[in-house]
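# Secondary and tertiary structure notes
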Amino acid sequence: MSASLTRRDLENALPDVSSSLKLAGLKGGVDIWRDAQGIPHVKAESTHDAFLAQGFVHAQDRLWQMAYDRRRAYGRWAECAGRDALAQDVQMRRFRLEVSSRADYDAASAETKAMLDAYAAGVNAFIATTKALPVEFRLAGVQAEPWRPWDSSAVYKVRHVLMGLWQTKAWRARLVRHLGAARAAELCPGTQPNPMLIVPPGVEWTGPPANGIAELTEAEAALAFLPEWENGSNNWAVAGRRTASGKPLVAGDPHRPLDVPNVYYQNHVACPEFDVIGLSFAGVPGFPHFGHNRSVAWCVTHTSADYQDLYIERFQPGDPGRYEFKGEWREARTTRETIRVRGEDAVEIEVTETHHGPVVLGDPRSGYAMSFRYTATAEPNRTFEALLPMLRASTAAEIEAAMRPWVDPVNNFVFADVHGAIGYKTRGQVPVRSRANAWVPVPGWDGAHEWQGMVPFEEMPVVRDPETGWVATANSKVVGPDYPHYISLDFAPDFRTRRLVHHLSALEHATVDDMAAIHADRVSIPARELVDILRYLSPAEPRAKAAVDLLRGWDGTMDADGVAPAIYSVFREHLMRDLMAPILGPLSSEAFAGAPRGAVTHMTRLRARLTELIRADDSTLLPDGASWPAMLERALTGAVSELTDLLGPDTTAWRWGAIHTTQPRHTLSSAFPESASLLDPPSVEMGGDGDTVQAGSFISGRPQEGPSGRPQEGPSGAGYGLTSTSVARYVFDLGDWERSAWVVPLGSSGHPGSEHYADQVEAWSRLTLLPMRYDWARIAREAAAHQSLD
């Protein structure tokens, strides 16, 4: 049984970061200095001790977050959060992440096992020596369980399993079932025309948009068998010839939901073999996504590649333990799982697996269900084999070669070295299979859609030292029509990529400050395009007319203090609802509710093509008898009405930031609302949106929470609070590592009682960067705390 918390409870749960400690398993001494932001800088005498100490500091600052992610991965979160978490636990049990993570560890090399073993030993050393566990364990009424080496793989997988495209395929399947293949194809147009490519930099695609009518028509018959089922980032590198130092600059900002604590953890780990500073996942050794050593810097964005498939499985009538494949009935593997639920009886579920993977949607007892094939779980995942070679790399060639074993997620990997090289590589595995797999769930019984190996590492897209003097990625289309392999259908619109190209193409004598200015770019290309159309609108309603007048003088910059960004954002969401609700019918609530993810992705793609459709007078989305001018005026009138209700009748007093705020919510706030005020970090206003470099995505339909935690929304039901944003900003200066800088949206500590729980909020919200200390003399001189381990 748990009780509500007090401020004293939070303070009493803080870890000791200054006393000397003796830790089991250490082979030598370790020093940990913490800087002004509480970021740990770890110096060890051996590689083993470096990873043990990294596990120790991760646990010091983020043990609850690690336990939370592990519980999510293993389908055990309902033990803490109650019935609200049951559906999530059922889904995660079906993914079989614990089984696959154990397989990863068993198949790992001796070097990788030693890394994972040492890291786990460090986590467990903290649990064994600390006088106080994070306060969340007391609140949830659970114990801190020992960390096992394969838990790191599970934590990494749970952070990425939902970033693939399986939910997008499931959503397209629902559209086919409800609307038919022809109408679904009209609504799934793929990437917008002529997108800016990553490879080669700054070049537009000249091929036609993808058209899935053939694949969707073929799938329609198979989908009819199924009963109904439930349900961005930027980075870039600039060559030395464009920088003030003559050496490369590497910068970017990953976009994810704003978790509490933040998904990325700032830390610095050194030993004789490597000296690396960057961003880690709490629970995972090394620096998989962002960091630099003495010679090389690296960073990633999500490629939006297609490496997850859904198979429609046909089960034998009367025997759901057998499924059909190539005319024969095969035995499925079936296990029973028990899910414990806080405050309620345990729930038993059945998990079924075919040779394609686990059944994740539907019930085999109905005769048909969908199984899930994913590169990270189909076979032992060798991604962690890359972690140590990354840390040791001394050239661009070495860091690129280190990516050979990488499996998941597929990333836009951007890198540079102190010798002046810059580069890009699509890292990860993309299966080779039929094109039908790209669109929707495919029949699993006919053998026509099996994976035929992976795209070879040597044939994945790559760029080294381009003539442009820069490379840039922002989740948009990677390659042009000459590339021989299928990567994906579902790339992000290229609006952010075009803004990056705009800035990078003009750079000369660039500095860290210039990179930070790119982080702060809030110009929305689709806003400029849509406002250009609205200039010619003459609404009769006075407030709508006043809104058009305000938009006419706007340059599309999504400033938090601006009136026009608020009008534009709410107007565009009303327009999407007015267009799509009649088409989607009963599916519209899902499309505008923030889940499932595939529906949200689909609405984003359609929203990006609005101006194209309007300018072409394309009636694909229009209700019968309606015209674009009439729909635009209706949406504008609705937006003005909603903003009046939200912000008052004075249009000049409206501000985008007033309704576009962060909503950081602790993992236990919903289950223990009486403690939410102590657990939740402060909310801040933000500019930008999902189409700007300064990321500030929101999902129309998801209510924004006010200070009390209660939904705060307008008549449309739409919320405008941030659902995805920059969860870190960084610049690596290869001319002088001490000029490098970074910031995260909250702080380094995961403890609500810590001064470093949210001490970077102000700098992050103002788009300023903080020092990234790398020189050990400076670190020791400026340290706020020091701890010795032996």
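Overview of the structure.

Cut-offs applied
Residue numbers run consecutively from 1 along every chain, following the written order of its sequence. Under the rules for a predicted model, residues below a pLDDT of 70 receive no local features and side-chain atom pairs below 80 are neither given nor counted, while totals for whole chains, interfaces and linings still include all residues. No hydrogens and no water enter the side-chain calculation; it runs on all heavy atoms of the structure. Numbering of helices and strands runs from the N terminus, with a helix taken as a DSSP run of H or I at least four residues long and a strand as a DSSP run of E at least two residues long. Here the globule rule reads 2.2 Å times residues to the power 0.38, and the radius of gyration is calculated from C-alpha atoms. For the area figures, the Shrake-Rupley method with a 1.4 Å probe applies, and any residue is considered shielded solely by the protein chains shown. The axes used here are C-alpha line fits, helices contributing only the stretch in contact, and every angle between their N-to-C directions lies in the interval 0 to 180 degrees. Roughly parallel here means an angle under 35 degrees, roughly antiparallel means over 145, roughly perpendicular means 65 to 115, and every remaining angle is called oblique. With the far helix as reference, a near helix turned anticlockwise by less than a right angle produces a left-handed crossing, and one turned clockwise produces a right-handed crossing. Residue contacts are defined here by distance: any two heavy atoms, one from each residue, within 4.5 Å place the two residues in contact. Residue type decides the class: Asp, Glu, Lys and Arg count as charged, Ala, Val, Leu, Ile, Met, Phe, Trp, Tyr, Cys and Pro as nonpolar, and the leftover types, Gly among them, as polar. Whether a residue is buried, partly exposed or exposed follows from its accessible area with a 1.4 Å probe, protein chains only, as a fraction of its type maximum: under 20%, in between, or over 50%, in that order. When two rings of Phe, Tyr or Trp (its six-membered ring) have centres within 6.5 Å they constitute a pair, described as stacked for plane angles under 30 degrees, edge-to-face for angles over 60, and tilted for the intermediate range. Counted as over-ring charges are cases with an Arg CZ or a Lys NZ within 6 Å of the ring centre that also lie within 35 degrees of the ring normal. Any two strands with at least two DSSP-identified bridges between them are counted as paired. Residues belong to a common nonpolar core when they are buried Ala, Val, Leu, Ile, Met, Phe, Trp, Tyr or Cys residues joined through side-chain atoms within 4.5 Å.

### Describing the overall build of the chain
Tallying secondary structure elements over the chain gives 27 helices and 28 strands in all. Whereas a compact globule of 790 residues would reach a radius of gyration of roughly 28 Å, the chain reaches 26 Å, a difference of no more than 12%. The dimensions of the chain, computed from C-alpha atoms along their principal axes, are 80 × 65 × 60 Å. Entry remark: accessible area of the chain is about 27300 Å², with carbon and sulfur atoms responsible for 50%.

### Considering the packing of helix α19 (residues 564-584) against helix α23 (residues 628-647)
Two elements in contact, α19 and α23, have axes whose closest approach is 8 Å; the angle formed by their N-to-C orientations is 125 degrees. One element, α19, and the other, α23, form an angle in the oblique class. In this structure, the crossing between α19 and α23 has a hand that is right-handed. Mapping the contact onto sequence places A566, I567, V570, F571, H574, L575, D578 and L579 in α19 and W628, M631, L632, R634, A635, L636, G638, A639, E642 and L643 in α23. Per-class residue counts for the contact of α19 with α23 are 13 nonpolar, two polar and three charged.

### A word on the environment of R605
Mapped onto the fold, R605 is located in helix α21 (residues 597-608). In this structure R605 comes out as buried when scored by relative accessible area, which is 14%. Remark: the alpha-carbon pair of R605 and L391, spanning 214 residues in sequence, is separated by 37 Å.

### Notes on the packing of aromatic side chains
For the structure on display, the rule yields 25 aromatic pairs. Ring plane angle 55 degrees and centroid distance 5.8 Å describe the contact between W33 and W776, whose orientation is recorded as tilted. Look at W776 and you get buried, because its relative accessible area is 14%. Ring centres of F95 and F372 lie 5.1 Å apart, and the angle between their planes is 50 degrees; on these two criteria the pair is classed as tilted. Assessed through its relative accessible area of 2%, F95 is described here as buried. Relative accessible area serves as the criterion here: at 1%, F372 is assigned to the buried category. Residue placement shows R373 over the ring face of W451; its charged tip is 4.8 Å from the ring centre.

### A look at the sheet that holds strand β6 (residues 274-281)
Here we have 10 strands laid out as an open sheet, ordered β19-β17-β16-β8-β7-β6-β5-β2-β1-β28, and mixed in their pairing. One side of each edge strand has no neighbouring strand; the edge strands of this open sheet are β19 (462-464) and β28 (785-789). The sheet shows a mean angle of 15 degrees between the axes of neighbouring strands, taken without regard to direction. Summarising the sheet, strand β5 (residues 264-271) and β6 pair through eight bridges and their orientation is antiparallel. In the strand pairing of β6, A270 is matched with D275.

### Some details on the packing of helix α18 (residues 542-552) against α23
Interaxial distance between α18 and α23 falls to 9 Å at its minimum, and their mutual angle equals 95 degrees. Between α18 and α23, the interaxial angle falls into the category roughly perpendicular. For the pair α18 and α23, the contacting residues are R543, A544, A547 and V548 in the first and L636, T637, V640, S641 and T644 in the second. Looking at side-chain class alone, the contact of α18 with α23 contains five nonpolar, three polar and one charged residues.

### Digging into the nonpolar core
Membership of the largest hydrophobic core comes to 145 residues, with the highest contact counts inside it found for W64, F274, W298 and M390. Residue contributions to this core peak at 13 residues, all from helix α2 (residues 47-73). Residues W439, I583, L606 and Y720 belong to the second largest nonpolar core, which totals 60 residues.

### Let's talk about the pairing of strand β14 (residues 359-362)
Relative to strand β15 (residues 368-374), β14 runs antiparallel, the two being bridged by three bridges. Each residue of the ladder has a partner; that of V359, found in β15, is S371. Connecting the antiparallel pair β14 and β15 is a turn made up of five residues, with G367 showing a positive phi of about 105 degrees.

### Remarks on helix α17 (residues 525-534)
The buried count for α17 comes to seven of 10 residues, which makes it a mostly enclosed element. Of the positions making up α17, those classed as buried are I525, P526, A527, L530, V531, I533 and L534. Of the surrounding elements, those touching the buried residues of α17 are α15 (495-505), α18, α19, α22 (610-615) and α23.

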